[in-house]
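# Structural overview for review
For reference, the chains in residue letters:
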Amino acid sequence: MSTHTLDLTLDPDDSRRLANLCGQFNEHIRQIEKLLSLTIRQRGNSFQLSGNKSAVVRGGRLLETLYLATGQGELLSAGSIQLAMREIADPPDSAADGAAVIRTPRVSIKTRGKRQTAYVRSMERHDLNFAVGPAGTGKTYLAVAHAVQALADERINRIVLVRPAVEAGEKLGFLPGDLAQKIDPYLRPLYDALYEMLGFEKVHRLVEKNVIEVAPLAYMRGRSLNESFVILDESQNATTAQMKMFLTRIGCHSRVVVTGDITQVDLPEGTRSGLAQAIEVLAGVRDIGVTWFHSSDVVRHRLVQDIVEAYERFDRPAFLATAEAAIEQTATTETKPPQAAEAGQTGEAGEAAPRQHNDHSH
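We now turn to the structure provided with this report.

Each value, and the rule that gives it
- Residues numbered from 1 in each chain as written.
- Predicted model: local features only at pLDDT ≥ 70, side-chain atom pairs only at ≥ 80, totals over all residues.
- Heavy atoms only, no water.
- Phe/Tyr/Trp six-rings, centres within 6.5 Å; stacked < 30°, edge-to-face > 60°.
- Helix = DSSP H or I, 4+ residues; strand = E, 2+ residues; numbered from the N terminus.
- Buried < 20%, exposed > 50% of the residue type's maximum accessible area, 1.4 Å probe, protein only.
- Lys NZ or Arg CZ within 6 Å of the ring centre and 35° of its normal.
- Contact = heavy atoms within 4.5 Å.
- Pairing = 2+ DSSP bridges.
- Axes fitted to C-alpha atoms, helices over the stretch in contact; angles between N-to-C directions.
- Salt bridge = Lys/Arg side-chain N within 4 Å of Asp/Glu carboxyl O.
- Core = buried A, V, L, I, M, F, W, Y, C linked by side-chain atoms within 4.5 Å.

Time to look at the packing of aromatic side chains. For the coordinates displayed, the defined rule picks out 3 aromatic pairs. With 5.5 Å between their ring centres and 90° between their planes, Tyr 119 and Phe 293 make a pair best called edge-to-face. Taken together, the residues Tyr 119 in helix α5 (residues 114-125) and Phe 293 in the loop between β12 (288-292) and α12 (302-314) connect sequence positions 174 residues apart. In this pair, the class of Tyr 119 matches that of Phe 293, namely buried. Between Tyr 195 and Phe 200 the ring centres are 4.9 Å apart and the planes differ by 45°, which places this aromatic pair in the tilted class. The side chain of Arg 17 reaches across the aromatic face of Tyr 67, ending 4.1 Å from its centre.

And the structure:
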């Protein structure tokens, strides 16, 4: 097989943008070389790519795309490079055209792929949203970003982040501390997203003022959550009674997002997941959005998508047939622009802030 060479110059010659593109110790360049099986040599803003013709052409397009993103304030990461390469490989009609942008005080997040965009549009239109799919598809991260944007725009007064106190077979009774201390490690992904979008000190100030509340699901009983953005994460581990209790906490001028993966239920054997039942029970209720994510939407390490698909083939619960049938239908209906929705349910993503971050793998 013959070796092809491409000489590429990226303009303008901006040292900060080039550092962002190449990554620390050229880690992004090494990642691209490994993904496309080519060799990249760099001198300033000049790059030379060597490899088979297809890899060289794709590598050149990828570098140009990523450099353009750095000019828009995007902070590149391994995940964003993986996603950008996937979009280049996709046909134009399946790329993330018309991506939604969520503004937060520290970063702006641009959606990747049609289902992430559909999910954000659905959160703009509906008071209650369900996001169902495998880990690493950005369900929780995008919901937290949307909540932070709503708080910054003063459309809500409080963010409430909730998780069931059940996780991967762990027995909380054997962990030290009170219930809040026992549950805190399981809420870490939510904290991490908040730190990235608001900063460590601001998050803790808002927690102290009870503007941001992170709590186990058991603490929701008896409450009415008004003017709040409420996220129930890992909801597949809520029982049917807990899910009904949670959904009836919705107060005036509030938004609720329920995320989960119905293939990762950690409830005792024979206990039905409240998430699976809720989707079935509420199928005909208006102003409820449901977004189904697929393994192809995973934005973590490239192996995660293969792992998820392997487990789906090995152990496929009966209700997944219904889920998969709904995926394409939801992708079609939810990707319609807001103006195509019913009157009173339209919404637009905010303008991009000076800096963007695309790694939605949290």
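Here the narrative resumes.
Regarding helix α10 (residues 240-247), the residues found buried are Met 243, Met 245, Phe 246 and Leu 247. Against β7 (128-132), β8 (158-163), β10 (228-232), β11 (255-260) and α11 (274-281) lie the buried residues of α10.

So, about the sheet that holds strand β1 (residues 4-9). An order of β1-β3-β2 is seen for the 3 strands of this open sheet, with the pairing classed as antiparallel. Two strands close off the open sheet at either side, each with one partner strand: β1 and β2 (39-43). Between one strand and the next, the sheet's axes are offset by a mean angle of 15°, whatever the strand orientation.

The next thing to look at is unusual backbone geometry. In this structure, the amide linkage connecting Asp 11 to the following residue, Pro 12, adopts the cis form with an omega of 0°. Structurally, the position occupied by Pro 12 is in the loop between β1 and α1 (15-22). In this model, Glu 234 sits at a positive phi of 55°, which is unusual for a non-glycine residue. For Glu 234, the location among the structural elements is in the loop between β10 and α10. Since its relative accessible area comes to 22%, Glu 234 is described here as partly exposed. Non-glycine residue His 253 carries a positive phi angle of around 60°.

The next point concerns the pattern of salt bridges. Applying the stated criterion across every chain yields a total of 10 salt bridges. Residue Glu 234 pairs with Arg 163 through a salt bridge whose shortest N-O separation is 3.5 Å. Of this pair, Glu 234 sits in the loop between β10 and α10 while Arg 163 sits in strand β8; the two residues are 71 residues apart in sequence, bridging distant segments of the chain. For Arg 163, a relative accessible area of 5% puts it in the buried group. Members of the salt-bridge network, linked through shared partners, are Arg 103, Asp 153 and Arg 155.

Turning next to the nonpolar core. Grouped together as the largest cluster of nonpolar side chains are 37 residues, with contacts concentrated most on Tyr 119, Val 144, Ile 159, Leu 161, Leu 194, Met 197 and Ile 231. Of all elements in the fold, only α5, α6 (139-152), β8, α8 (188-198), α9 (200-208), β9 (212-216) and β10 reach the threshold of two or more residues within this core. Sort the elements by how many residues they give to this core and α6 lands first, with 9 residues. Those residues in contact with Val 144, other than ones at most four positions away along the chain, are Leu 161, Leu 190, Ala 193, Leu 194, Met 197 and Ile 231. The next biggest cluster of nonpolar side chains, apart from the first, holds 26 residues, and it includes Val 162, Met 243, Ile 262 and Ile 279.

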